[in-house]
Amino acid sequence: MKIVACIKQVPDSAAKVVVENGRVFWGDAPLVINPWDEFAVEAALQLKEKHGGTLTVISVGGENEKEAIKHALAMGADDAILIADPALSGLDTQSIAQVLASAIQKIGGVDVAFFGRQAIDSDSGLTPAQTARLLNWPALTLAAVISVEADTIKVDRAIEEGRQVVSAKMPAVVSLVKDYGEPRYPSFMGIRKAARAEVPVWSLANLGISAPTSVIAWPEITNPPSRNVVCEIITGSSPEEIAATLADKILAEKVL
Amino acid sequence: MDFSLTEEHLMTERMVQNFTQKEILPVIKEYDRKQEPIPFALQRLGELGILGICIPVRYGGQGMDFISLGLACEGLEAADTSLRVAMSVHVGLCALTLLQWGSEEQKQKYLVPLASGQKLGCGVFTEPGMGSDVASMSTSAKRDGDFYILNGEKMWISLASKADYAMVTVRTNPGAARPSNRLSTFIVDLNMPGITRGDIHGKLGVRAGSTGWINFQDARVPVENRIGEEGEGFKITMSAFDHGRYTVASGAAGIVRAALEASVRYAKERTSFGKPIAEHQLIQEKIARMSQDYEIARLLYLRAGWLKNQGVRNTLETSFAKKFATEASFRAADDAIQIHGAYGYSDEYDVERYLRNARGAIIYEGSSEIQTLIQAGYALGERQEKPLRCEMPAYDPDYWQS
Ligand SMILES: Cc1cc2nc3c(=O)[nH]c(=O)nc-3n(C[C@H](O)[C@H](O)[C@H](O)COP(=O)(O)OP(=O)(O)OC[C@H]3O[C@@H](n4cnc5c(N)ncnc54)[C@H](O)[C@@H]3O)c2cc1C
């Protein structure tokens, strides 16, 4: 099988993200692989281990933004492509989907493209569906269990109301949720391979497309209004007593 | 001079941190309180390759360098000392000593399963009546044909009840003129007849770790399990300590870092006299000292690791790193408790565990007093490195990774 995982690099979830003069800053917090995309890489690796084949990870980002890619390589991806082009900064998800779809087409013969359900920085969750639309592939979203038989991919979707089993002919786009199961850590062999890997950088010219234009503008971004949080530690001689005090407080504050 | 870590080092650090954050930190308080090892911890360290991190791939390990070993120990001990202790005895005292002094057959038979995490190793030197004065140990081994018969008691042995294999030093040549020529070292399968073992309870710290005793009663150890020559046991034990102390030093730097991070977090949240306590200069003084100590501890162990990579003997440099970092870790944990006030005195927070855990390392793997004697010995010119029959080879990526 030829498998692709699309991954994004985002500020670490522990980073303190602040907006100043309409721009977003996260201090010197490291950039990491989008946590949801780790599940995509894990699912891709398990599929590859079960059915054979190769896993290529694709990321759209700045020329030096290789953390996420290196992480995926260290987890066990075979190779990686970074798509970087000055014309790609600040694009909306539809434009990113155009770039990813072109890359998947350029790779050619791809059976499945995995995504995380959303990116923790912009939280739109649209890219998997939009990429599928552009490729004219089925989109199986929120996957928790995945199986492949012949040319059919079957997915258990984890939805709020329960599980929904869906299937489609490949090639297909699949987006992952946490219920899939913990992503593996990089192995030491993977770390060495990743550290040495030369990641090819594709430009828009390499993809043979012109710069996509965003259809969604981004006129304003603000931090949430700061809240004054007062922390009170409830003590007591037994868990029951602590729980009772807590329950009283919750009722008194009309939280419930 | 290049102070930068490689991408491999940084990824190793991150991998260890991910592991401890996801799997160890959520449960450590519970097991430390119960005084029980985290049941899956050693198995996970094995599965992830951490127990064989710096052993050549050809001997079942992961082929990383000695800086990676130090970084892993720092990360593990920042979560809990019990994990780093496993590294000290399994990797430091046992596997690396086998790599340095073992024969090819011994490496194939014992190092491969150790480095691949299938078997656990420990280092067995201390006795009820002897710790610092290694040459005076009394557990004996008498030659009987193709065997040595071991008799005696060892105590304060980390992983005594958990390990499969042990690097054991005993007295074989009581008549030798120099006390240091009286000892020999063996790799011993602890599941053999004549060996009983158990745990010691009631320890101040490392409560999620396992420390115990091992008794030898007419245990028949084959001659081919002797490491090196008869009478070389003292030298081999000192090599084992060079490796073990490096892991203790780098681990202790992890406690300093954890104490610093906890203190910074708490000092920014807690207020007194109308401002966060982080704005009081007396609190800042403690935080500044912790951050400086962390820097010093880290630089000292990284230099020792660099020397190990070069294949240069580093007894003195490792001694500097071990003594400084272990003492600094106790001080940092103590200051962190002070910064946390009464909460620091409770096991709701981690800092009291750091203090209890830090204390032991000022005693084991050569107490601070013994480190001082080593350092004075070098400074006064009374101690010099004599070449060893088996020197630890320099880290060669091509050899290690194939
Ligand atoms: C948690 C823990 C884990 C351990 N794990 C292991 C292990 O895995 N394997 C193992 O073999 N051992 C282990 N030990 C034992 C440890 O290595 C010894 O405790 C240590 O070597 C000190 O020996 P001792 O306790 O017998 O103290 P002693 O040697 O009796 O020393 C008592 C005191 O006198 C001081 N002293 C001794 N000689 C001198 C001198 N010449 N000048 C000045 N002061 C001196 C010492 O520094 C110490 O303060 C462990 C100990 C602990 C606490």
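Peer 1: Just give me the short version of the overall build of chain A, but keep the residues and values in it.
Peer 2: A tally of regular secondary structure across chain A gives seven helices and 13 strands. Expressed along its principal axes, the backbone C-alpha trace of chain A runs to roughly 65 × 45 × 40 Å. Of the contacts formed within chain A by residues at least 6 apart in sequence, a portion of 70% connects residues at least 24 apart. Accessible surface for chain A amounts to roughly 13,900 Å². Of this, 52% is attributable to carbon and sulfur atoms. Between the averaged position of the 23 positive side-chain charges in chain A and that of its 31 negative side-chain charges there is a distance of 5 Å.

Peer 1: So what's going on with the interface of chain B and chain A? Which residues, and what values?
Peer 2: Between chain B and chain A, the residue contacts involve 22 residues of the former and 16 residues of the latter. Counting each side, the surface lost to burial between chain B and chain A is near 1,700 Å², with a carbon and sulfur contribution of 61%. At the boundary of chain B and chain A, one finds five residue pairs in polar contact (both at pLDDT 80 or more). In terms of residues, the side of chain B that touches chain A owes the most to one element, helix 1 (residues 7–24) of chain B, which gives ten residues. Here the residues of the side of chain B that touches chain A sort into ten nonpolar, six polar and six charged.

Peer 1: Quick rundown of unusual backbone geometry? Include the residues and the values.
Peer 2: A cis amide bond links Met170(A) to the next residue, Pro171(A), at an omega of 5 degrees. Inspection of the secondary structure puts Pro171(A) in the loop between strand 11 (162–169) and strand 12 (172–176). Of note in this structure, Asn136(A) is not a glycine but carries a positive phi near 65 degrees. Counting through the fold element by element, Asn136(A) comes out in the loop between helix 4 (127–135) and strand 9 (139–149). We classify Asn136(A) as exposed; its relative accessible area is 68%. Positive phi, close to 45 degrees, is recorded for Val206(B), a residue that is not glycine. Within the secondary structure, Val206(B) sits in the loop between strand 6 (195–199) and strand 7 (211–222).

Peer 1: Break down the nonpolar core for me, with residues and values.
Peer 2: Membership of the largest hydrophobic core comes to 160 residues, with the highest contact counts inside it found for Val41(A), Phe114(A), Ile146(A), Ile153(A), Val174(A), Ile50(B) and Leu69(B). Per element, the largest residue contribution to this core is 15 residues, and it comes from helix 7 (residues 233–269) of chain B. Beyond its immediate sequence surroundings of up to four residues, Phe114(A) is in contact with Ile3(A), Val4(A), Ala5(A), Cys6(A), Ala40(A), Ala43(A), Ala44(A), Leu47(A), Ile146(A), Val174(A) and Leu176(A). By size, the runner-up hydrophobic cluster in this structure holds 24 residues, among which are Leu91(A), Val110(A), Ala113(A) and Leu204(A).

Peer 1: Which residues make up helix 7 (residues 239–252) of chain A, and what are the values?
Peer 2: Here helix 7 of chain A is 14 residues long and its end C-alpha atoms lie 20 Å apart, about the 20 Å a rise of 1.5 Å per residue gives. Just past helix 7 of chain A, the residue Lys254(A) takes up positive phi, approximately 60 degrees.

Peer 1: Lay out the state of the cysteines in plain terms, naming residues and giving numbers.
Peer 2: Disulfides are covalent bonds that link the sulfur atoms of two cysteine residues. All chains considered together, the criterion is met by zero disulfides over all chains. Distance from the sulfur of Cys54(B), which forms no disulfide, to the nearest cysteine sulfur (Cys73(B)) is 8.3 Å.

Peer 1: Could you give me a rundown of the site of the ligand, with the residues and numbers involved?
Peer 2: Residue and element names in this part refer to chain B. Around the ligand sit 16 residues, and of these Thr-126, Ser-132, Trp-156, Ser-367 and Glu-369 come closest. At a separation of 2.6 Å, a nitrogen atom of the ligand approaches a polar side-chain atom of Thr-126. Note that an oxygen atom of the ligand is positioned 3.1 Å from one of the backbone N or O atoms of Gly-131. Secondary-structure elements contributing two or more residues to the shell around the ligand are strand 3 (147–158) and helix 11 (368–379). The leading source of residues in the shell around the ligand is strand 3, at three residues. Classifying every residue of the shell around the ligand by side-chain character gives eight nonpolar, six polar and two charged. Split by domain, the shell around the ligand shows at least three residues from each of two domains, domain 2 (123–234) and domain 3 (235–400).

Peer 1: Report on the pairing of strand 1 (residues 2–6) of chain A, specifying residues and quantitative values.
Peer 2: All names here are of chain A. Of all five residues making up strand 1, four are buried, and the element is well covered by its neighbours. Bridging between strand 1 and strand 6 (residues 54–60) involves five bridges; their strand directions are parallel. Paired with Val-4 across the bridge in strand 6 is Thr-56. The pairing of strand 1 with strand 8 (residues 112–116) spans three bridges and is parallel. Each residue of the ladder has a partner; that of Ile-3, found in strand 8, is Val-112.

Peer 1: Give me the lowdown on the side chain of Asp242(B), citing residues and values where you can.
Peer 2: Residues and elements named next belong to chain B. With respect to the element layout, Asp-242 can be found in helix 7. Buried and without a salt bridge, Asp-242 has Arg-313 as its closest oppositely charged side chain, separated by 4.5 Å. Once residues within four sequence positions are removed from consideration, Asp-242 is found in contact with Lys-308, Thr-315 and Thr-318.

Conventions we followed
Residues numbered from 1 in each chain as written. Chains lettered and ligands numbered in written order. Predicted model: local features only at pLDDT ≥ 70, side-chain atom pairs only at ≥ 80, totals over all residues. Heavy atoms only, no water. Helix = DSSP H or I, 4+ residues; strand = E, 2+ residues; numbered from the N terminus. Contact = heavy atoms within 4.5 Å. Areas by Shrake-Rupley, 256 points an atom, 1.4 Å probe, with all protein chains shown as cover. Lys, Arg positive; Asp, Glu negative; His and termini not counted. Charge placed at Lys NZ, Arg CZ, Asp CG, Glu CD. Buried area = accessible area lost by both parts, 1.4 Å probe. Polar contact = N/O pair within 3.5 Å; in protein donor to acceptor, adjacent residues only side chain to side chain. Nonpolar A, V, L, I, M, F, W, Y, C, P; charged D, E, K, R; others polar. Buried < 20%, exposed > 50% of the residue type's maximum accessible area, 1.4 Å probe, protein only. Core = buried A, V, L, I, M, F, W, Y, C linked by side-chain atoms within 4.5 Å. Expected span 1.5 Å × (residues − 1). Disulfide = S-S within 2.5 Å. Near = heavy atom within 4 Å. Domains from an automatic or database assignment. Pairing = 2+ DSSP bridges. Salt bridge = Lys/Arg side-chain N within 4 Å of Asp/Glu carboxyl O.

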